[in-house]
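# Coordinate analysis (summary)
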Amino acid sequence: MSGGIDDLLGGSPEPKLSDREQRRLERAAALAKDTAIKAAGRGGTFTEMGVLKRPVSMNFLAEVFDMDPATVRKRLTRCPKLGNAGGNRPVYDFKTACSFILPPRMTSDEFIRTLHHAKLPPEVNKTFWQAQRERMRYMRDAGELWHTTDLLNVLGQVNMTFKDRIDMWVEDIRDLKGISDEHVEKIEEMAHALKSDLYESLVTLPGKGETVSIRDKEDPLAPPEAEQTEYTDDQISDSL
């Protein structure tokens, strides 16, 4: 009788694992993960690269990403198809399909920074650089942004302050009693070397610094002047 009830309810429940067996399985899983990580570091991945370049179906993608097939179908609406496997079963390039299925983790600002300025759609380009100009204005008003010439002037003034103070030290030492001319000459020599080092560090080297194009910096603050390329509505949507 009990067998019939078990069959009706879907079979007997799975036996509960002991704590010892559960720990053994967890250790085995951790070891397998660590082995896979080390293998990947050596270039040995879980599958051959060519396998991931094969056409894939909607059902395959739904299973890989643990998603509802209806959601996958909706997100692949604009994804280009490689063909049909028969009937109404389209297949896709795996990498291209992933870009439509997986939500981006980067912010819009981070994503735009990964694109070359010439590849930005005109509308996005204009909005982005306007925001950068506002950010630059805010940083300047808050005293967090310095122009190169202003910074070089400050460094030059700092160098002159050191120079004047060092010259005064030498004159004060010269007036001290018990200091021989030989000692004064040595101190003057050391002071001259110090002033030369300070001038090199505060004036010469900063003045030789190459000013990189702002749009090529990691944190650009000025709009590019490059010629813009026309984009279609689909390309603009794809880039976003």
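This is a predicted model, so every value here is computed, not measured.

Conventions we followed
Residues numbered from 1 in each chain as written. Predicted model: local features only at pLDDT ≥ 70, side-chain atom pairs only at ≥ 80, totals over all residues. Heavy atoms only, no water. Helix = DSSP H or I, 4+ residues; strand = E, 2+ residues; numbered from the N terminus. Buried < 20%, exposed > 50% of the residue type's maximum accessible area, 1.4 Å probe, protein only. Contact = heavy atoms within 4.5 Å. Areas by Shrake-Rupley, 256 points an atom, 1.4 Å probe, with all protein chains shown as cover. Pairing = 2+ DSSP bridges. Axes fitted to C-alpha atoms, helices over the stretch in contact; angles between N-to-C directions. Expected span 1.5 Å × (residues − 1). Bend = angle between axes of the 7 residues up to and from the residue. Salt bridge = Lys/Arg side-chain N within 4 Å of Asp/Glu carboxyl O. Core = buried A, V, L, I, M, F, W, Y, C linked by side-chain atoms within 4.5 Å.

### Concerning the overall build of the protein chain
When you go through the protein chain residue by residue, the secondary structure sums to 10 helices and three strands. Along the chain direction, N to C, the helices and strands of the protein chain fall in the order α-α-β-α-α-β-β-α-α-α-α-α-α. Evaluated residue by residue, the protein chain yields a buried proportion of 17% over its 240 residues. In the protein chain, of all internal contacts separated by at least 6 residues, the share reaching a separation of at least 24 is 61%. Only carbon and sulfur atoms are counted for the fraction: they give 55% of the accessible area of the protein chain, which is about 19000 Å².

### A word on the sheet that holds strand β3 (residues 90-93)
Overall, antiparallel pairing links the three strands, which are arranged β1-β3-β2 in an open sheet. The sheet is open, and its two edges are formed by β1 (55-57) and β2 (83-84), each paired on a single side. Here helix α5 (residues 94-101) sits on the sheet in contact with β1 and β3, set at roughly 95° to β3.

### Focus: helix α9 (residues 181-208)
With 28 residues, α9 should cover 40 Å at 1.5 Å per step; its first-to-last C-alpha distance of 39 Å lies within 8% of that length. Its maximal kink placed at E200, α9 deviates by approximately 40°. Turning to α9, its buried residues are V184, A191, L198 and L202. Buried positions along α9 lie against α8 (148-174).

### A few points about unusual backbone geometry
The phi dihedral of D66 is positive, around 55°, even though this residue is not glycine. Looking at the element boundaries, D66 is found in the loop between α3 (58-64) and α4 (69-75). Overall, the relative accessible area of 71% leaves D66 in the exposed class.

### Looking at the pattern of salt bridges
Close approach of charged atoms allows side chains with opposite charge to pair. The full count for this structure, using the stated rule, is six salt bridges. Across the pair K195 and D167 runs a salt bridge, and its minimum N-O distance is 2.7 Å. In this pair, K195 is assigned in helix α9 and D167 in helix α8, connecting sequence segments 28 residues apart. Under the relative-accessibility criterion, K195 is labelled partly exposed at 21%. Counted as one network, the salt bridges with shared partners bring together K163, D167 and K195.

### What about the environment of I166?
Structurally, I166 can be placed in helix α8. The buried category is assigned to I166, whose relative accessible area is 3%. Sequence separation of I166 and H192 is 26 residues, and the distance between their C-alpha atoms is 8.7 Å. If sequence neighbours within four positions are ignored, I166 has contacts with A191, L194, K195 and L198.

### Re the pairing of β3
Relative to β3, β1 is paired through three bridges, and the arrangement is antiparallel. Counted as the bridge partner of S57 is V91 from β3.

### Observations regarding the nonpolar core
Core analysis: the largest hydrophobic core is formed by 13 residues, its most contacted members being L61, V72, L76, Y92, A97 and I101. The set of elements that each furnish at least two residues to this core consists of α3 and α5. Here this core takes four residues from α5, the largest share from any one element.

By themselves, these figures tell us nothing about what the structure is for.
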